[in-house]
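One letter stands for each residue in the lines below.
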Amino acid sequence: MYWMDLVPEKGLDDIVAPAFTNDHQVYHTDLGDIISLYALGVAEEGGKSRIASSWTVYNELAKTRPDLIHTLANDWPFQTHSDLNKEKEPYILRPLLYYVDNKLIIQYARRNFTGFGKNPRREDIPPITEAQAEALDALHYTAEKYNLGIDFQKGDIQYINNLSIFHARDGYTDSPKNT
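Residues numbered from 1 in each chain as written. Predicted model: local features only at pLDDT ≥ 70, side-chain atom pairs only at ≥ 80, totals over all residues. Heavy atoms only, no water.

## Observations regarding the packing of helix α3 (residues 66-73) against helix α5 (residues 130-145)
And step 1. Between α3 and α5, the shortest axis-to-axis distance is 9 Å and the interhelical angle comes to 110 degrees. As judged from the angle between their axes, α3 and α5 are roughly perpendicular. On α5, the residues that touch L68, T71 and L72 of α3 are A131, Q132, E134, A135, A138 and L139.
And step 2. Grouping the constituent residues of the contact of α3 with α5 by class yields six nonpolar, two polar and one charged. (Axes fitted to C-alpha atoms, helices over the stretch in contact; angles between N-to-C directions. Helix = DSSP H or I, 4+ residues; strand = E, 2+ residues; numbered from the N terminus. Parallel < 35°, antiparallel > 145°, perpendicular 65-115°, else oblique. Contact = heavy atoms within 4.5 Å. Nonpolar A, V, L, I, M, F, W, Y, C, P; charged D, E, K, R; others polar.)

Take a look at the structure:
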């Protein structure tokens, strides 16, 4: 899990994901069931990994903002990738919150709705609504409220269930000895 800020070398316009910058990463999930991270090195300062239970976030929102649960369970416009999309549609609709075998899953990444660097959000896709933007913020800030911060050391390994755990990362400063 060695992150290296590629912006000085490549420029922000050529970066495809926030993982390749030293800026913080907001809470999200990735593709797949299990996420594994291996610490090849550590930042000189910052870079703490953060995890939060999506079920805890759900329970808090269900108590305090049930309207956002409804928003998360409705369809959202996800940009498709032309190389994977046989129908060549610019987007698909799917909820961020759904159930599989009676188990809650919230799967999302903010950059799917805002774009990032070399992968901007296309103009032929409907923008998210104000309620959807508020729901994304609520996911992030509720996860922040209940997160566990982990300071990795070189050689540490982390496995997390991507279907029930959100993850994020604090911003960091790279050490010249790590580059």
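## A few points about the pattern of salt bridges
And step 1. Scanning the entire structure with this criterion turns up six salt bridges.
And step 2. Linking K48 and D151 is a salt bridge whose minimum nitrogen-to-oxygen distance equals 3.7 Å. One end of the pair, K48, is in the loop between β3 (45-46) and β4 (49-53); the other, D151, is in the loop between β11 (148-150) and β12 (157-161), with 103 residues separating them in the sequence.
And step 3. Among the charged side chains, a salt-bridge network with shared partners connects R65, D67 and E134. (Salt bridge = Lys/Arg side-chain N within 4 Å of Asp/Glu carboxyl O.)

## Considering the side chain of T142
And step 1. You can see T142 is positioned in helix α5.
And step 2. With relative accessibility at 10%, the residue T142 sits in the buried group.
And step 3. Only 2.7 Å separates the side chain of T142 from the backbone oxygen of A138, close enough to count as a polar contact.
And step 4. Not counting the four nearest positions on each side in its chain, T142 is found in contact with V57, E60 and L61. (Buried < 20%, exposed > 50% of the residue type's maximum accessible area, 1.4 Å probe, protein only. Polar contact = N/O pair within 3.5 Å; in protein donor to acceptor, adjacent residues only side chain to side chain.)

Everything listed here is a matter of geometry and, on its own, says nothing about what the molecule does.
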